[in-house]
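Chain residues, written in single-letter form:
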Amino acid sequence: MLSNSCRILSAVALAAFLGTAHAQSEDKAIKLNQIQVIGTHNSYHAGIAANESKLWQDKYADAFKGLDYQHQPLTQQFDSGVRQIELDVYADTKGGLYAHPSGPKMVASAHLPADPDFDPNGVMSKPGFKVMHVQDVDYRSTCQPFIGCLKEIREWSHAHPGHVPLFILVETKQGKPEGNLHLTMPESFTTETFDALDAEIRSVFPANELITPDDVRGHHKTLNEAVLAGKWPTLAKARGKIVFLMDQKAVGPVYLAGHPALRGRVIFTNADPGQPDAAFIERNDGPAADISALVRQGYLIRARTDSDTKEARTNDAATRDAMIASGAQMLSTDYPINEPARWDGHYVVTLPGNVDARCNPVNAPATCQVEESK
């Protein structure tokens, strides 16, 4: 005969089981593109070191304002409810290309105390993709190299089984640096470079932990055809998995070369609606009505709620509120719940009810229930 304590424990276990079963049942009724999450912009951004900041502010006060933010490590962001991050990636085939930025030299020339070493373990001297915002100027990252960031993501994912899928936006940095600054010339991304990028991702995440274009396309001829037919996986199947997305449109043709409609590729391109590879579309600046129309068609959309610290400095919520209402599935900000702006008003971006994910306000079914409290 069971004791009272055993009966209580059994009842608690049964309730937990039924609650989980209920959640899984609800998840089967909603697709991956029918949720909405908070993301961060330049999620790795550790900020510019103190003495370098003084010098850049003196020379380029207005431009520096747009760089005057920083994020907590990825693990802490995920713990607080962020479910989409952005990583800026530089190719460094031989290693060492970005190992000696001009910032420390500039500080030394100004006879200021040295800032903390940005690379105490010599990671930047080794081959492999690196993560940073602007070479030589804004190069400090909370995770380094790219594969190190990926391992941190996977470690968090394994520690939180059943989490809402994580969306990883990848921006490839290349091309001649703008302006009059003499910055290190980055490597170009060729088809072979993208093959190596895919290989790094696959070296960390096995196929069963990813949602790739092939998974969505299925037997359809193109990815766009599958998306318009509603073939995104259900939330139940997507939980605990990772989705990689490409930031810029310009690199799409190179990434697609030899991979029509993204066959065999890991990352969803930032495509134009109707193109064979169209599944993910950036609409960083809206307008909200256009975003809503694309969401209703089935596309996955990323929008920005703020940029360059402008909205944060004046606590201007107009863009934020419009993007939340638009139904964009990923709402990217520099100010998630655990990192409100330091200026008056303390601008911050959260979903109603302060949840990790919610039913999409534009395309979720009426019976949708996916909220997860932090």
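- In the annotation of an unreviewed UniProt entry, the protein is listed under the name Calcium-dependent phosphoinositide phospholipase C and assigned to Granulicella mallensis.

1. A short note on the confidence of the model for the protein
Thinking step 1. Overall, the predicted model of the protein reaches an average pLDDT of 92, with 92% of residues at or above 70.
Thinking step 2. Segment residues 1-23 is flagged for pLDDT under 50; beyond a separation of four residues in sequence, or across chains, it makes three contacts in the model.

2. Concerning the pairing of strand β2 (residues 84-90)
Thinking step 1. Burial within β2 is extensive, with seven of its seven residues counted as buried.
Thinking step 2. Alternating positions in β2 separate into two faces, Q84, E86, D88 and Y90 on one and I85, L87 and V89 on the other, with burial throughout.
Thinking step 3. Where β2 lies against strand β4 (residues 166-172), six bridges are found, and the strand directions are parallel. Counted as the bridge partner of L87 is V170 from β4.
Thinking step 4. The pairing of β2 with strand β3 (residues 130-131) spans two bridges and is antiparallel. Opposite V89, over in β3, you have V131 as the bridge partner.

3. Remarks on the nonpolar core
Thinking step 1. Judged by nonpolar contacts, the single largest core of 82 residues is most densely connected at I153 and F244.
Thinking step 2. If we skip the residues at most four places from it in the chain, F244 touches L150, I168, V170, I201, F205, L210, V266, I267 and F268.
Thinking step 3. In terms of nonpolar packing, the next biggest core, distinct from the first, is built from nine residues, L55, M106, V137 and L183 among them.

4. Brief notes about the pattern of salt bridges
Thinking step 1. On inspection of all chains with the given rule, the structure shows 15 salt bridges.
Thinking step 2. Across the pair R342 and D68 runs a salt bridge whose closest N-O atoms are separated by 2.4 Å. Here the residue R342 occupies a position in the loop between β8 (330-333) and β9 (357-359), and D68 occupies one in the loop between α3 (61-65) and α4 (74-80), the gap between them amounting to 274 residues.
Thinking step 3. Between K130 and D92 there is a salt bridge; the shortest N-O distance is 2.8 Å. One end of the pair, K130, is in strand β3; the other, D92, is in the loop between β2 and α5 (102-109), and 38 residues separate them in sequence. With respect to burial, K130 and D92 carry one shared label: buried.
Thinking step 4. The structure contains a network of salt bridges with shared partners spanning E86, D247, E282 and R302.

5. What about the state of the cysteines?
Thinking step 1. This structure, assessed with the given rule, holds two disulfides.
Thinking step 2. Through a disulfide, C143 is tied to C149; the S-S separation comes to 2.0 Å. The disulfide joining C143 to C149 has a torsion of about 95° about its S-S bond and is therefore right-handed. Each member of the pair, C143 as well as C149, carries the same accessibility label: buried.
Thinking step 3. Bridging C359 to C368, the disulfide has an S-S length of 2.0 Å.

Basis of the calculations
Residues numbered from 1 in each chain as written. Predicted model: local features only at pLDDT ≥ 70, side-chain atom pairs only at ≥ 80, totals over all residues. Heavy atoms only, no water. pLDDT = per-residue confidence, 0-100. Contact = heavy atoms within 4.5 Å. Buried < 20%, exposed > 50% of the residue type's maximum accessible area, 1.4 Å probe, protein only. Helix = DSSP H or I, 4+ residues; strand = E, 2+ residues; numbered from the N terminus. Pairing = 2+ DSSP bridges. Core = buried A, V, L, I, M, F, W, Y, C linked by side-chain atoms within 4.5 Å. Salt bridge = Lys/Arg side-chain N within 4 Å of Asp/Glu carboxyl O. Disulfide = S-S within 2.5 Å.

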